[in-house]
Amino acid sequence: MLSSTWAWHDLARVISTWGRSSTREDATDLLRAFRCFFALKLLATFHHIHEWEWSHGRWLQLLAVLSTVASCRERFARVGALGWALILGHRVALTWPYTLNHLVLELILLLMIALHPTDAALTSVQPPAEATLEHAREGRALCSLLWGAMLSVWVFAGLQKIAHGRYLNGESFALAILTEESSLAQHLRAALRWVFAIGGSPTSTHLPVSAWSEARLGGLERAYCLIMSWLVVAAELLLPVLSLNRRTRPFALPALIAGQVLIGWMSNELDFALTAVGVLNLGSTQRPYLRYAILSGLAAFWGLEGFARR
Amino acid sequence: MTSWRTVGIRLMVIALAVWPPLHFCLSKAWSFSAWRFAGWGMYATPHPSRENCPIHVLLSFPGHDGPGPIPLAVSFQGKDISQWLERQRGVFLHTWGGPSHVELLAAPRMRALESIVRGVRELGRTNYVEQLATEVRNVLAEGAIGASEIFVIVGDRRVDVLRNRYGTAYDVYSLPHGSDGIELVREAFREVRPATVESDLGWFSSLALAD
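About the thresholds
- Residues numbered from 1 in each chain as written.
- Chains lettered and ligands numbered in written order.
- Predicted model: local features only at pLDDT ≥ 70, side-chain atom pairs only at ≥ 80, totals over all residues.
- Heavy atoms only, no water.
- Contact = heavy atoms within 4.5 Å.
- Buried area = accessible area lost by both parts, 1.4 Å probe.
- Salt bridge = Lys/Arg side-chain N within 4 Å of Asp/Glu carboxyl O.
- Polar contact = N/O pair within 3.5 Å; in protein donor to acceptor, adjacent residues only side chain to side chain.
- Helix = DSSP H or I, 4+ residues; strand = E, 2+ residues; numbered from the N terminus.
- Nonpolar A, V, L, I, M, F, W, Y, C, P; charged D, E, K, R; others polar.
- Core = buried A, V, L, I, M, F, W, Y, C linked by side-chain atoms within 4.5 Å.
- Buried < 20%, exposed > 50% of the residue type's maximum accessible area, 1.4 Å probe, protein only.
- Pairing = 2+ DSSP bridges.
- Axes fitted to C-alpha atoms, helices over the stretch in contact; angles between N-to-C directions.
- Expected span 1.5 Å × (residues − 1).
- Bend = angle between axes of the 7 residues up to and from the residue.

In this assembly, 46 residues from chain A lie in contact with 48 residues from chain B. Carbon and sulfur atoms make up 64% of the surface buried where chain A meets chain B, a total of about 4,600 Å² over both sides. There are 2 salt bridges connecting chain A and chain B. With its nearest N and O atoms 2.9 Å apart, the salt bridge here joins B:Arg158 to A:Glu171. Summed over the shared surface of chain A and chain B, the number is 16 residue pairs in polar contact (both at pLDDT 80 or more). When contributions to the side of chain A that touches chain B are tallied by element, the ones reaching two or more residues are α6 (101-115), α8 (128-164), α9 (171-179) and α11 (219-244) of chain A. Its residues assigned to classes, the side of chain A that touches chain B comprises 26 nonpolar, 10 polar and 10 charged.

Here we take up the nonpolar core. Side chains that are nonpolar tend, in soluble globular proteins, to be buried together. Formed by 56 residues in total, the largest nonpolar core has its most connected members in A:Phe34, A:Leu146 and A:Met150. For this core, the element with the highest residue contribution is α6(A), accounting for 11 residues. Listed in part, the 31 residues of the second largest apolar core include B:Cys53, B:Ile55, B:Leu104 and B:Ile150.

Reading across the sheet, the 6 strands line up as β2-β5-β1-β7-β8-β9 (chain B) and stay open at both edges, with mixed pairing between neighbours. Looking at the sheet topology across the chains shown, the edges are occupied by β2 (70-71) and β9 (183-184) of chain B. As judged from the 6 bridges shared by strand β1 (residues 55-60) of chain B and strand β5 (residues 91-96) of chain B, these two strands associate in the parallel manner. Bridge pairing in β5(B) links B:Leu58 to B:His94. The sheet strands contacting α9(A) are β7 (149-160) and β8 (165-176) of chain B, and the helix crosses β7(B) at an angle near 110 degrees.

Enumeration over the complete set of coordinates arrives at 16 salt bridges over all chains. The network of salt bridges with shared partners includes A:Arg166, A:Glu171, B:Asp156 and B:Arg158.

Residues and elements named next belong to chain B. The buried fraction of β8 is high, at 9 of 12 residues. Bridge count between β7 and β8: 12 bridges; the pairing is antiparallel. Within β8, the position partnered with Ile 150 by the bridge is Leu 175. In textbook terms, the turn of a hairpin is the stretch between consecutive antiparallel strands, and for β7 and β8 this stretch comprises 4 residues, one of which, Asn 164, has a positive phi near 60 degrees. Counting the residues that bridge the hairpin from β8 to β9 gives 6 residues, and of these Gly 178 lies at a positive phi of roughly 85 degrees.

Relative to the helices and strands, B:Phe37 resides in the loop between α1 (3-30) and β1. Put simply, B:Phe37 and B:Ser27 are 10 residues apart on the chain and 9.5 Å apart in space, counted from C-alpha to C-alpha. Contacts of B:Phe37, omitting those with residues within four sequence positions, involve A:Trp96, A:Pro97, A:Asn101, B:Trp19, B:His23, B:Phe32 and B:Leu123.

The next thing to look at is α11(A). Residues and elements named next belong to chain A. Between its first and last C-alpha, α11 extends 38 Å over 26 residues, near the 38 Å set by a 1.5 Å rise per residue. At Leu 238, α11 is deflected by roughly 30 degrees, the largest bend along its length, and proline Pro 240 occurs up to four residues later in sequence. If you check which residues of α11 are buried, you get Glu 221, Arg 222, Tyr 224, Cys 225, Leu 226, Ser 229, Val 233, Glu 236, Leu 239, Pro 240 and Ser 243.

Let's shift gears to the sheet that holds strand β6 (residues 101-103) of chain B. Residues and elements named next belong to chain B. Read from one edge to the other, the open sheet built from 3 strands follows the order β4-β3-β6, with strand pairing classed as mixed. With partners counted over all chains shown, the strands left at the sheet margins are β4 (79-80) and β6, one partner each. By the bridge criterion, 3 bridges tie strand β3 (residues 73-76) to β6 in an arrangement that is parallel. Pairing of Val 74 across the sheet is with Val 102, part of β6.

Below is the structure:
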């Protein structure tokens, strides 16, 4: 979806104007579209994370539906975000200490939205003209805040990989290729087969745990692990920084979104990828409803597909 | 924006900026997995899976002058529990100088055992290793056997991609009979029971020894 002509030209153009657009409508529409998408995405993928079943607690499901509806209404948007924050908070408490990291991130994003004053709230305490200006300022601030939160995840993920010292040397990918059956490992092996189609024949084998001492990787495979590792870390550190600069943003932001989709697909983290792409799309102020409608459709499709598969 | 909202948002911004570096320091100090606790350290270390982080439990009995450790089969009402632990949880039971098969008289607390094993791999290691050794000791007491010492050997698979070397770094913990506290005994373990145990366990290659 993002490699289309629309994505590159339209998205790049509108992102380059982000920051200059100060009209109330831009910020309001963007936030409204995002909030609606976010709530719909949480609802559509609810059963992936929460094992939605009728026996699981009807009040939770009722709260989820009500929160989603409220999130799509300007007047009740904060209540909707708070409702979803309660649901995710409940899930975090249930799954602690093995909570999925992106649940925590989503919880933080929801709390940020819940703390942001709505148009209605501002109008009730200020004259309309002042409320409009205040709302535009707050809207842009919230967009920047959510966007910055997402970029910080990228940067800190890269820094953690360097600090722990087991990524840049290719070790993580090598171990995944040799021992794991995870989605990431399978995709890495599939990509290796493409590399071998160009560069030679494989020498590694997928080993049972008892044969670890016999593990061997060929030169091409080891080079592949190293290059892939460095590429990932470089992307995680550089793309967020480049996306902050107006000149480089038209290239960096689509690359961020493409990278997020690729990571989500390879590591089977589509739930997180949907959230992340939604937040990164706050970098554009034009056609928010269209963009978030597409994302909401993808979230609904993925959610229903997963529900049907169960 | 009212002040409490400002405070709330500022707190979240501070948390987003401060927690990941703090998470890194704490994960090193308390040896929990980089994957846990939302420090954005996913994939920074290999996944703490049963393949990448094998756990061996070695029961040492008095007077084990014979051959090295052998696999220990544990069953309850005909169900092979040790096989299940190996395949599903990456936990390998060994005996040195004791019986090679134990039939338990009471059902082991498998859920508790699973939870502890996960804790060893992903949460603070020492505390959960102690729980694991104690749990194994209590379970085997149900089988009317008692080891003089229980070793818990936690492996960490390593690959040196540049030098093309493969091995398993490991920590060895000991819970002596009658003791409530676990002790990290890696060096002592290597001195007293060097090559025999390592080769018999089949895990430890030259890279691990060089670590």
